[in-house]
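# Descriptive analysis of the structure
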Amino acid sequence: MIKKIFFSIAFILMSIYCFSNNEIRKTILLDENWKFSLGEIKNASLLNFNDSSWETVSVPHDWAIRKQFDLNQDIQWVQVREDGDKEPKLRTGRTGALPIFGIGWYRKIIEIPESDFGKRVFVEFDGAMSQAMVYCNGEYVSEWPYGYSSFSFELTKYIKHGQRNLLAVRLENKPESSRWYSGAGIYRNVRLVSTNPIHVAHWGTYITTPAITAQKGTVSIQTKVLNQTETSEKVELVTEIYNSKGEMVAATKTPKQIIGEGQFTQIMEVKNPILWDINSPIRYRAISKVFVNKVLKDYYETPFGFRSIRFDRNNGFFLNDKYLKLQGVCLHHDLGPLGAAVNYRATQRQLEIMKEMGCNAIRTSHNPPSPELIELCDSMGFVVMIESFDEWKNGKNLNGYNRLFNEWAEKDMVAMIHRDRNHPSVIVWSIGNEIREQMEEDGKTEAQFLVDICHREDPSRPTTAAFDRPDGALKNGLADVVDLVGFNYKPFIYKKVHADHPNYRIYGSETASTLSSRGVYKFPVKGNNNPWYNDYQTSSYDLDYPFWGSTPDTEFEMQDECDFSLGEFVWTGFDYLGEPTPYNEGTPAKSSYFGIVDLAGLKKDRFYLYQSRWSTTPVLHLLPHWNWEGRQGDTIPVFCYTNYPKVELFVNGKSMGIKEKTNENKYEKYRLIWNNVVYQPGEIKALAYNSNGETVRTEIIKTAGIPAKIKLTADRTSIIADGKDLSFITIEVVDKEGNICPNAQRLLFFKTEGNGTLKALCNGDPTDLTSFSSNYMKVFNGKMVAVIGSIKSDGEIKLSVSGDRLINAEITVKTTIK
């Protein structure tokens, strides 16, 4: 008890001291009042350059996302290796049909007070797309070409204290440098950091929890302290650990004489540690305090968690010694209509939707993600595979990473690992996706090079790679190098590879690639591995897929039969800009069809299929809609995605029979299907029965009448007035009874008033080329989303929606200064 009181008093005193000494390490977010211009501009790095005509922007900033779509953007003639046709194919929409390529300049005035003379000044970039060249007061500082890497440069020798200083950044996205929408610009956060000359280095802590029991947890902390003075100094590193309640639970101190760089290793024990878990993502904080002659010189905080991971070749993945099947999705980094510019709330919304579905794992395809994503995975309870590259030396793009690999691969890998190795959510490092070295004799050499970096910088986590050409990777030994062997779209080889290579730990690194357009249904209803329809949409019966992919059920079946598999990562959780397969050959499509959720963040039917399998949430979902004008008397198959034992279907009050899942075929294992339903307007109704035969839930879909009015629903009706927080408003066109009109494609106009702005519109239609920044757009199959954002003033934002002779609608969202 006395010890606990002592820890509490120490925490209070430490807090008071640190708040009164907040100039020890000062971090300023450089988010506002940047000047931006496209094109190569002479002398743009100079302080006295006149940028008054440039656009004023806030960072994070994506220079392309608010522009007009143009299918001539990144138009290509490419050789399609899979189809055997020697003629090049036209490719459109490959990178989202937005102007991401070219040169852009950013300028920002920063002021460093004279009182900071003697401090070290650094600028930290979470990501800049791409080929970043950084200047300070007209002098070249350094560069970092890979747009997905985070990096830090020291500005000290360029800074003029007490005067205006210029930070300038030149970016260049080369054509044919990406296979998807990369975004463009300073699309992640930037910070200015000032420290004393003796301080903890950038990403200077490495924390592991090598031994954990219910009674105690061992914490190993390696800390790099820099001494940038010219003399050797005796440094004392004090490290304190605090639990989620703010109570200090362990502390230690280590003295060391250092000049230049000093490495500290400290071992501590925490009693009764609370584990980080997907259902209880509890974290601790390590506070590093650097003293010289008993004077505090630096204060550095590192969140971490107690958790153990184990990958068993026969029994799968274990988190904290408890079996956990990886129910994962692949996520590209764009945020749909908001583009690549990172936004905390938009990222959080994506993960909330995935969590609701029962997803527990994220693969950051195919690049290091934003820090915000990893922070949210820590706090929300996801495990994460962080991926590094989409290509090595043998490129997929003319100006892709192959140009950088020899000089930059190690630097980018180290940056990725050092930034994120303290996060409990991160469980594996991926060294590459579908790399072409799979088919080369010496592919193993490059793989070993990258794996060795991972093991050197973080021996606590395994490595992996995603193989789409497993024959090559197995033959040349590349698969032997990684710790976990991932297969893209190869469920039928799991058993054979496991038998032939019993030491492999196997999983589906990329699965399914099922194609669907929200609210679209195609006939006849059958599996289709080469879908192409005249409206450039795909079917939400969830039976369309490209030749390399499958329906979800195929992977479900293999995962059920292969207990040794760690799990799967579905391609993809959300639709994303670019890669509009199968309509990437001269069509209006600009975004993908792979998503379980569409580009606007609206759930497709497939969401409920995965939710019925992955979650404990009771699911009863019927499809399709019941508005089939002109098809009276035709057969319209009805599917039900559910985890109830039995379901009975009624059409206009007449029973179509009771169904339960069977083993007759893979589809009836995971779906309930009534194939011979004859369409008549009215309603379809599903009654779900429990194991005792009792009715426990009802789901009804009615034939909607003529579109009559607009319905608005906000995901949050109160947001923070910080200029960054968002509310996502779902717009539905409904009939006079309130039934959604599933075929409505009505044009609507949007207006905001008050303390906020309209950020974007999106309807989830991959073929709609209306700009996201427009104030009008058609709904797609009765729905769309408007994104409104706060300004730095509290009050209210009113969104008004009207159009097409529908009854207008308004909604108000409150904004409050935090």
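See the structure shown above.
Heads up: these notes are all about the structure in this document. (Residues numbered from 1 in each chain as written. Predicted model: local features only at pLDDT ≥ 70, side-chain atom pairs only at ≥ 80, totals over all residues. Heavy atoms only, no water.)

What follows concerns the overall build of the protein. Helices and strands together make up the secondary structure of the protein, namely 11 helices and 46 strands. Its C-alpha atoms give the protein principal-axis dimensions of about 90 × 65 × 65 Å. In the protein, which comprises 818 residues, the proportion classed as buried is 60%. Intrachain contacts of the protein at a sequence separation of at least 6 include 71% that bridge at least 24 residues. As displayed, the protein has an accessible area near 32,500 Å², and 49% of this comes from carbon and sulfur atoms. (Helix = DSSP H or I, 4+ residues; strand = E, 2+ residues; numbered from the N terminus. Buried < 20%, exposed > 50% of the residue type's maximum accessible area, 1.4 Å probe, protein only. Contact = heavy atoms within 4.5 Å. Areas by Shrake-Rupley, 256 points an atom, 1.4 Å probe, with all protein chains shown as cover.)

With that out of the way, let us pick up the side chain of S150. Along the chain, S150 turns up in the loop between β9 (139-144) and β10 (151-154). At 2.8 Å, the side chain of S150 and the backbone oxygen of D126 are in polar contact. Beyond its immediate stretch of four places on either side in the chain, S150 contacts F125, D126, W203, A415 and R419. (Polar contact = N/O pair within 3.5 Å; in protein donor to acceptor, adjacent residues only side chain to side chain.)

Within a sheet, each strand pairs with its neighbour through backbone hydrogen bonds, oriented either parallel or antiparallel. Strands sit in the order β39-β46-β45-β41-β43 across an open sheet of five strands; the sheet is mixed. Strands at the two margins of the open sheet, each flanked by one partner only, are β39 (718-720) and β43 (776-778). On average, each strand axis in the sheet is inclined to that of its neighbour by 30°, with strand direction left out of account. Two elements, strand β45 (residues 795-802) and strand β46 (residues 809-816), share seven bridges in a ladder whose sense is antiparallel. Across the sheet, residue V801 finds its bridge partner in β46, namely A809. (Pairing = 2+ DSSP bridges. Axes fitted to C-alpha atoms, helices over the stretch in contact; angles between N-to-C directions.)

This part covers the packing of helix α9 (residues 552-561) against helix α10 (residues 605-614). At a closest axis distance of 12 Å, the pairing of α9 and α10 adopts a crossing angle of 15°. Considered as vectors, α9 and α10 are oriented roughly parallel to each other. In this structure, the crossing between α9 and α10 has a hand that is right-handed. Across the interface between the two elements, P552, F556, Q559 and D560 of α9 pack against R606, L609, Y610 and R613 of α10. Residue composition of the contact of α9 with α10, grouped by class: four nonpolar, one polar and three charged. (Parallel < 35°, antiparallel > 145°, perpendicular 65-115°, else oblique. Left-handed = near helix turned anticlockwise from the far one by under 90°. Nonpolar A, V, L, I, M, F, W, Y, C, P; charged D, E, K, R; others polar.)

Taken in spatial order, the four strands make up an open sheet running β1-β12-β7-β10, and their pairing is antiparallel. The two strands at the open ends of the sheet, each matched to only one other strand, are β1 (25-29) and β10. The average angle at which neighbouring strand axes cross in this sheet is 20°, direction not considered.

Judged by nonpolar contacts, the single largest core of 177 residues is most densely connected at W34, L155, V329, I431 and W626. Element by element, the count of residues in this core is highest for helix α4 (residues 405-420), at eight residues. With sequence-adjacent residues up to four places away left out, L155 is seen in contact with I110, V121, F122, V123, C136, V141, L167 and L192. Core analysis: the second largest hydrophobic core is formed by 26 residues, I710, I731, F750 and L758 among them. (Core = buried A, V, L, I, M, F, W, Y, C linked by side-chain atoms within 4.5 Å.)

Once that is clear, we can look at unusual backbone geometry. For the peptide bond that leads from W571 to T572, omega is -5°, which places it in the cis range. Tracing the sequence through the fold places T572 in the loop between β30 (567-571) and α10. Going from L623 to P624, the amide bond is cis rather than trans, its omega being 5°. By secondary structure assignment, the location of P624 is in the loop between β31 (620-623) and β32 (638-642). Positive phi, close to 50°, is recorded for W203, a residue that is not glycine. Looking at the element boundaries, W203 is found in strand β13 (residues 198-212). Residue class for W203 comes out buried when judged on its relative accessible area of 18%. One non-glycine residue, N781, adopts positive backbone phi at about 50°.

This part is about helix α2 (residues 344-357). Over its 14 residues, α2 runs 20 Å from end to end, which matches the ideal 20 Å to within 8%, given 1.5 Å per residue. Along its buried surface, α2 packs onto β23 (326-330), β24 (361-364), α3 (371-380), α10, β40 (726-734) and β44 (783-790). Looking one or two residues beyond α2, the residue adopting positive phi is G358, at roughly 100°. (Expected span 1.5 Å × (residues − 1).)

Two residues of an α-helix separated by three or four positions point the same way, owing to the 3.6 residues in each turn. Here α4 is 16 residues long and its end C-alpha atoms lie 21 Å apart, about the 22 Å a rise of 1.5 Å per residue gives. Of all 16 residues in α4, 12 are buried; the element is thus mostly enclosed. Among the residues making up α4, those that are buried are F405, W408, A409, D412, M413, V414, A415, M416, I417, H418, R419 and D420. Structurally, α4 contributes buried residues whose contacts are with β9, β13, α3, β25 (383-387), β26 (426-433) and α5 (443-457).

Within this structure, the stated rule accounts for 45 aromatic pairs. Measuring from ring centre to ring centre gives 4.8 Å for F311 and F317, while their planes differ by 35°; the resulting arrangement is tilted. When sorted by exposure, F311 lands in the same class as F317, which is buried. Between W532 and Y583, the ring centres sit 5.0 Å apart and the planes meet at 65°, which makes this aromatic pair edge-to-face. In this pair, W532 is assigned in the loop between β29 (506-512) and α9 and Y583 in the loop between β30 and α10, connecting sequence segments 51 residues apart. According to the relative accessible area criterion, Y583 is buried, its value standing at 0%. One aromatic cluster is present, formed by Y146, Y148, F389, W392, Y401, F405 and F449 through successive ring pairs. In this arrangement the basic side chain of K355 is found over the ring face of F382, its NZ or CZ atom lying 4.9 Å from the centre. Over the aromatic face of F650 sits the side chain of K685, whose NZ or CZ is 5.5 Å from the ring centroid. (Phe/Tyr/Trp six-rings, centres within 6.5 Å; stacked < 30°, edge-to-face > 60°. Lys NZ or Arg CZ within 6 Å of the ring centre and 35° of its normal.)

The next thing to look at is the pairing of strand β15 (residues 233-242). Most of β15 is tucked away, with seven of its 10 residues classed as buried. Sheet analysis places β15 next to strand β16 (residues 248-258), joined by 10 bridges and oriented antiparallel. Paired with E233 across the strands is I258, a residue of β16. Remark: five residues form the turn of the hairpin made by β15 and β16, two consecutive strands paired antiparallel; G246 in that turn has positive phi of roughly 85°.

A separate point is the pattern of salt bridges. Applying the stated rule across the entire model yields 47 salt bridges. E387 serves as the salt-bridge partner of R363, at 2.9 Å between the closest nitrogen and oxygen. One end of the pair, R363, is in strand β24; the other, E387, is in strand β25, and 24 residues separate them in sequence. Pair check on accessibility: R363 and E387 agree, each one buried. Of the charged contacts, one joins R671 and D553 as a salt bridge, the two residues approaching to 2.7 Å between their closest N and O atoms. With R671 in the loop between α11 (666-670) and β35 (672-674) and D553 in helix α9, the pair connects residues that are 118 residues apart, well separated along the chain. Pair check on accessibility: R671 and D553 agree, each one buried. (Salt bridge = Lys/Arg side-chain N within 4 Å of Asp/Glu carboxyl O.)

This part covers the side chain of E240. Secondary-structure assignment places E240 in strand β15. A polar contact of 2.8 Å, which involves the side chain of E240, links it to the side chain of Y242. Looking at E240, its side chain comes within polar contact range of the side chain of K289, at 3.2 Å.

Burial analysis of β29 places seven of its seven residues in the buried class, the great majority of the element. Here strand β28 (residues 484-488) runs beside β29; their pairing, made up of four bridges, is parallel. Residue pairing in the sheet places G486 in a bridge with Y507 of β29. Once you follow β28 into helix α8 (residues 494-500) and on to β29, the crossover reads as right-handed. Direction of pairing for β29 relative to β30: parallel, over a ladder of three bridges. Directly across from T511, in β30, lies its bridge partner V570. With respect to chirality, the unit in which β29 leads through α9 into the neighbouring parallel β30 is right-handed. (Right-handed = clockwise from strand over helix to strand, strands pointing away.)

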